Amino acid sequence: MSIRTNIGQVRDKIGKAAQRSGRDASAVTLIAVTKTHEEEAMREAVDAGITDIGENKAQEVRQKYPLLQRDVHWHFIGHLQRNKVKYVIDKVAMIHSVDSLSLAREISKRAERLDRVMPALVEVNVSGEKSKHGLVPDDVRSFLEEVKDLPGIRFQGLMTMAPYVEDPEQTRPVFRALRELQETLLSQGYQLEVLSMGMTNDFEVAVEEGATHVRVGTAIFGVRDYNQ
Ligand SMILES: *Cc1c(COP(=O)(O)O)cnc(C)c1O
């Protein structure tokens with residue numbers, strides 16, 4: 001199956017999921033997760049209409065950024081170490097995975113030097129799995145208070161990863177909980193329009209539950225080979 005065909009199918013599923021929940025498909029940004037994939041595959045995706053790509057390693061962003069030669073938005077979606085912020089700060093359009101004050105401060109400081117304000121999301125560990133990064137839901141509000149005066153970073157929403165399960169329906173409570181947290185925070189005056197949730201296994205459920213950004217790799221590019 002070609003990358004172009006795969007993207008068409010993913011878009012089709014996003015459209016149907018949006019319809020089922022009375023949403024407009026144009027409210028959902030498809031981020032093609034290109035980690036481990038070469039620039040050639042990335043260009044194929046961009047030429048098939050992808051405008052947003054996702055990477056989870058600073059080193060990979062650094063390597064591929066000058067090679068891609070396409071005008072796209074790069075999203076940083078993985079765990080970001082403070083000492084790697086400098087490698088991505090001038091390249092990415094949004095950092096989805098901010099879960100500590102020290103990381104937010106470093107992003108703000110580096111962005112300020114470039115005279116920019118970095119759009120960011122708070123990563124939330126809704127499911128409570130120990131292996132996952134992210135703040136526990138109850139800590140998000142105090143975190144937003146702590147970061148609200150940082151000049152170089154602006155939080156625009158929330159991000160989560162659901163546990164991998166065979167039946168994607170089981171992820172629904174996780175996505176719903178993130179949306180409910182967003183609604184609570186919106187009612188408290190925080191401007192958090194973005195909900196980054198849903199991957200290959202569960203993006204349809206995520207769209208039904210209000211995702212504005214889905215992060216899809218395998219369904220577009222096939223199974224990743226980490227040993228290449
Ligand atoms: C790899 C990755 C994805 C995409 O996963 P697929 O199952 O291949 O769609 C999404 N989000 C994050 C944070 C990832 O690291």
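As the structure is a computational prediction, the values presented were derived from the model and not from experiment.

Some words on the pairing of strand 2 (residues 52–55)
Here strand 2 shows no split at all, with Asp-52 and Gly-54 on one side and Ile-53 and Glu-55 on the other all buried. In this fold, strand 1 (residues 29–33) hands off to helix 2 (residues 39–47), which returns the chain to strand 2; that crossover is right-handed. Bridging between strand 2 and strand 3 (residues 73–76) involves 4 bridges; their strand directions are parallel. Each residue of the ladder has a partner; that of Glu-55, found in strand 3, is Phe-76.

Focus: the site of the ligand
Residues in contact with the ligand, as listed here, are Val-33, Lys-35, Asn-56, Ile-77, Met-161, Met-199, Thr-200, Arg-215, Val-216, Gly-217, Thr-218 and Arg-224. In the model, an oxygen atom of the ligand is placed 2.7 Å from a nitrogen or oxygen of the Arg-224 side chain. With the chains in place, 92% of the 390 Å² that the ligand exposes on its own is no longer accessible. Of the residues belonging to the shell around the ligand, the class tally is 5 nonpolar, 4 polar and 3 charged.

Brief notes about the packing of aromatic side chains
Given two aromatic rings, their pairing is described by the distance between the two centres and the angle made by the two planes. Summed over all chains, the structure comprises 2 aromatic pairs. The interplanar angle of 80° and the centroid separation of 5.6 Å between the aromatic rings of Phe-143 and Phe-155 together place this pair among those described as edge-to-face. Residue Phe-143 is located in helix 6 (residues 140–147), and its partner Phe-155 is located in strand 6 (residues 153–159); the two are separated by 12 residues in the primary sequence. By relative accessible area, Phe-143 is classed as buried at 4%. For Phe-155, a relative accessible area of 9% gives the class buried. The ring of Tyr-87 carries the charged tip of Lys-86 above its face, separated from the ring centre by 5.1 Å. Over the aromatic face of Tyr-65 sits the side chain of Lys-91, whose NZ or CZ is 5.8 Å from the ring centroid.

Calculation criteria
- Residues numbered from 1 in each chain as written.
- Predicted model: local features only at pLDDT ≥ 70, side-chain atom pairs only at ≥ 80, totals over all residues.
- Heavy atoms only, no water.
- Buried < 20%, exposed > 50% of the residue type's maximum accessible area, 1.4 Å probe, protein only.
- Helix = DSSP H or I, 4+ residues; strand = E, 2+ residues; numbered from the N terminus.
- Right-handed = clockwise from strand over helix to strand, strands pointing away.
- Pairing = 2+ DSSP bridges.
- Near = heavy atom within 4 Å.
- Polar contact = N/O pair within 3.5 Å; in protein donor to acceptor, adjacent residues only side chain to side chain.
- Areas by Shrake-Rupley, 256 points an atom, 1.4 Å probe, with all protein chains shown as cover.
- Nonpolar A, V, L, I, M, F, W, Y, C, P; charged D, E, K, R; others polar.
- Phe/Tyr/Trp six-rings, centres within 6.5 Å; stacked < 30°, edge-to-face > 60°.
- Lys NZ or Arg CZ within 6 Å of the ring centre and 35° of its normal.

These figures capture arrangement, not role.
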